[in-house]
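# Inside the fold
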Amino acid sequence: MQRATDTFYRILEFLLIFLLSAMAVMVFVNVVLRYGFNSGLNISDELSRYFFVWLTFIGAVVAFREHSHVGVETLVMLFGRKGRIICMILANIIIIAVSAIFFWGTWKQAPINASMAAPVTKLPMIWVYGIGFFTGAGVVLIALERLFRLLTGRVTEEEIAAFAGENMDLEHLSERV
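Numbers given for residues are sequential positions, taken from 1 along each chain in its written order. Reporting of local features is limited, given that this is a predicted model, to residues whose pLDDT is at least 70; pairs of side-chain atoms are given and counted only at 80 or more, and all residues count toward the totals for whole chains, interfaces and linings. Excluding hydrogens and water, the side-chain values take into account all heavy atoms of the structure.

### Regarding the pattern of salt bridges
We define a salt bridge as a side-chain nitrogen of Lys or Arg found within 4 Å of a carboxyl oxygen belonging to Asp or Glu. Counted under the stated rule, the structure contains 6 salt bridges. For Arg-65, the salt bridge is made with Asp-6, and the minimal N-O distance between the two is 2.4 Å. Residue Arg-65 is located in helix H2 (residues 42-65), and its partner Asp-6 is located in helix H1 (residues 2-37); the two are separated by 59 residues in the primary sequence. Throughout, exposure labels follow a simple rule: accessible area from a 1.4 Å probe, protein chains only, divided by the maximum for the residue type, with under 20% read as buried, over 50% as exposed, and the rest as partly exposed. We classify Asp-6 as partly exposed; its relative accessible area is 35%. Every helix listed is a DSSP run of H or I at least four residues long, and every strand listed is a run of E at least two residues long, numbered separately from the N terminus.

### Points about the packing of H2 against helix H6 (residues 131-151)
The description of two helices packed together rests on the angle between their axes and the distance between the axes. Put simply, H2 and H6 touch, their axes get as near as 9 Å, and they point 5° apart. Judged by the angle between their axes, H2 and H6 are roughly parallel. Residues Val-53, Trp-54, Phe-57, Ile-58, Ala-60, Val-61, Phe-64 and Arg-65 of H2 pack against Ile-131, Phe-134, Thr-135, Gly-138, Val-139, Ile-142, Ala-143 and Arg-146 of H6. As a working rule, the residues Ala, Val, Leu, Ile, Met, Phe, Trp, Tyr, Cys and Pro are called nonpolar, Asp, Glu, Lys and Arg charged, and the rest polar, with Gly in that last group. Split by residue class, the contact of H2 with H6 holds 12 nonpolar, 2 polar and 2 charged. Convention adopted: a line fitted to C-alpha atoms gives each axis, helices being fitted over their contacting stretch, and angles between N-to-C directions are expressed from 0 to 180 degrees. For classification purposes, an angle smaller than 35 degrees is called roughly parallel, one larger than 145 roughly antiparallel, one from 65 to 115 roughly perpendicular, and anything else oblique. Only heavy atoms matter for contacts: two residues are in contact if any of them lie within 4.5 Å across the pair.

### What to know about H2
Expected span of a helix, by definition, is 1.5 Å for each gap between consecutive residues, and there is one gap fewer than residues. Counted at 1.5 Å a residue, the expected span for H2 with its 24 residues is 34 Å, and the 35 Å between its end C-alpha atoms agrees. The positive-phi residue at the C-terminal boundary of H2 is His-67, with phi of around 60°.

### Quick word on the layout of surface pockets
Gaps left between atoms show up when a probe the size of a water molecule is rolled over them. Within this scheme a cavity is a closed region of a 1 Å grid, computed over the protein atoms alone, that accommodates a 1.4 Å probe without allowing it to escape, whereas a pocket is open but has protein on both sides within 12 Å along at least five of seven lines; lining residues each have an atom within 4 Å of a point. Grid points are joined across faces, edges and corners, and a volume is the space filled by probe spheres set on the points. Considering only enclosed or pocket space, the second largest pocket measures out at about 490 Å³ in volume. Lining the second largest pocket we find 17 residues, and of these Thr-5, Tyr-9, Arg-65, Ile-142 and Glu-145 sit closest to its centre. For the lining of the second largest pocket, the elements supplying multiple residues, two or more each, are H1, H2 and H6. A total of 8 residues in the lining of the second largest pocket trace back to one element, the largest contributor, which is H6. Its residues assigned to classes, the lining of the second largest pocket comprises 8 nonpolar, 4 polar and 5 charged.

Below is the structure:
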């Protein structure tokens, strides 16, 4: 199961690379066309915006899985093991609640987005904003798994240290920059 999960996230990372690369190429080509030839590609403007939305929301799930989001580590460092576990439980409960609200909001907005078309590509807007389903569900599932491991005592000391920001060697710090 872990191998399948790792493969899924590896595919997501390649998708992020593709989206960022395609966005950069589209914007570059459009800049060259506008300044060099006084023309441009309307589809490029629209797709690069949509790719940015997808990049952001898919990246949020990948970053959450890798513990790369911003945390209040200075406060958590003050607590002992039990206090840190309580903070981890509370944080995951809040994350689950907020992500579930985000998913529900996307669900409520979906009929409106499905009925509206993008101006240039004519794509239904649900293809753009429907990524909220993936992000909301993805973050909820990751947080539920973490909460389950916390409540059953399966959390490792390394995870607790990471939550408190104590495992910050030069390699980890360079990844955060």
